[in-house]
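# Working through the structure, step by step
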Amino acid sequence: MFNSDFADALAAFYVNWGPVIRIVATILAALVLRAVLQFSIRRLIKGVALSVRKLEGVEHSPVAQARLMQRTRTIASVLGNLSTWGLMFAVVSVVLSEAGVSPGAIFAGAGILGAGIGFGAQSLVKDLISGLFIVFEDQYGVGDSVDLGQASGVVESVGLRVTQVLSLIHI
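Before going into details, it helps to say that this report is about the structure given with it. (Residues numbered from 1 in each chain as written. Predicted model: local features only at pLDDT ≥ 70, side-chain atom pairs only at ≥ 80, totals over all residues. Heavy atoms only, no water.)

### Focus on the overall build of the protein chain
Filter applied, for reference: Runs of H or I in DSSP of at least four residues are treated as helices and runs of E of at least two as strands, each being numbered from the N terminus. C-alpha atoms define the radius of gyration in this analysis, and the globule rule sets the expected value at 2.2 Å times the number of residues to the power 0.38. We call a residue buried when its accessible area falls under 20% of the maximum for its residue type, exposed when it is over 50%, and partly exposed in between, using a 1.4 Å probe and counting protein chains only. Here, residues are in contact when the closest pair of their heavy atoms is within 4.5 Å. Every accessible area reported is derived by Shrake-Rupley at a probe size of 1.4 Å, with residue values counting cover from the shown protein chains alone. The charge count treats Lys and Arg as positive and Asp and Glu as negative. His and the chain ends do not count. A charge is said to be at NZ when it belongs to Lys, at CZ for Arg, at CG for Asp and at CD for Glu.
Per the secondary structure count, the protein chain includes 4 helices and 3 strands. Along the chain direction, N to C, the helices and strands of the protein chain fall in the order α-α-α-α-β-β-β. On C-alpha atoms alone, the protein chain measures out to a radius of gyration of 25 Å, which is more than a quarter above the 16 Å that the 2.2 N^0.38 rule sets for 171 residues. Structurally, the protein chain occupies a C-alpha span of about 95 × 45 × 25 Å along its principal axes. Counting all 171 residues of the protein chain, 19% fall into the buried class. Taking the intrachain contacts of the protein chain between residues at least 6 apart in sequence as the baseline, contacts between residues at least 24 apart amount to 46%. About 12200 Å² of surface is accessible on the protein chain, with carbon and sulfur atoms providing 68% of the total. Positive and negative side-chain charges in the protein chain, numbering 12 and 11 respectively, have mean positions lying 6 Å apart.

### A word on the sheet that holds strand β1 (residues 145-147)
To keep things clear, this is the line we draw: At least two DSSP bridges between two strands are required for those strands to pair. Axis angles are defined between N-to-C directions and span 0 to 180 degrees, where every axis is a line fitted to C-alpha atoms and, for a helix, only to the segment in contact.
Pairing within the open sheet is antiparallel, and its 3 strands lie in the order β1-β2-β3. Of all strands in the sheet, those bounded by a partner on one side alone are β1 and β3 (163-167). Sheet twist, expressed as the mean angle between neighbouring strand axes with direction ignored, is 55 degrees.

### Digging into the environment of Ala12
Position of Ala12 relative to the elements: it lies in helix α1 (residues 2-54). Through-space distance from the C-alpha of Ala12 to that of Gly118 is 47 Å; in sequence the pair is 106 residues apart.

So this is what it looks like as structure tokens:
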């Protein structure tokens, strides 16, 4: 009799609190995984920085070393954001399914809405893709003298959407 009552109580507990426990466990696991990913990315940056310092004696200019560090930081930032958003997407999907909501229908609707927003934000997307190509192909970097049409001078910083140029005006 005791075993039957205990089993019934355990089953009732699982039915009532099981989804909540799974949701909390999913969120905690995602937070731990995000911390591990961010730590790995920071460690990668430190490894590249150490490698750059070891190359100081070799025929690499300080500008090339600074460019390598900037590209590494930019890529690390992109990886960090990508991992955070990917984990958030997975956690939201699990939480919605545990709450009894079909995440497929919501994500399909969000996809349609995203396509509509994408048409409106084509220039933003185009800028981001162009920025990725600038960073990955190392078209120009910090310290380079550039003429970008609207601006010319020395590049101060390069991001995915914005390149800051210190204008050299000759009077």
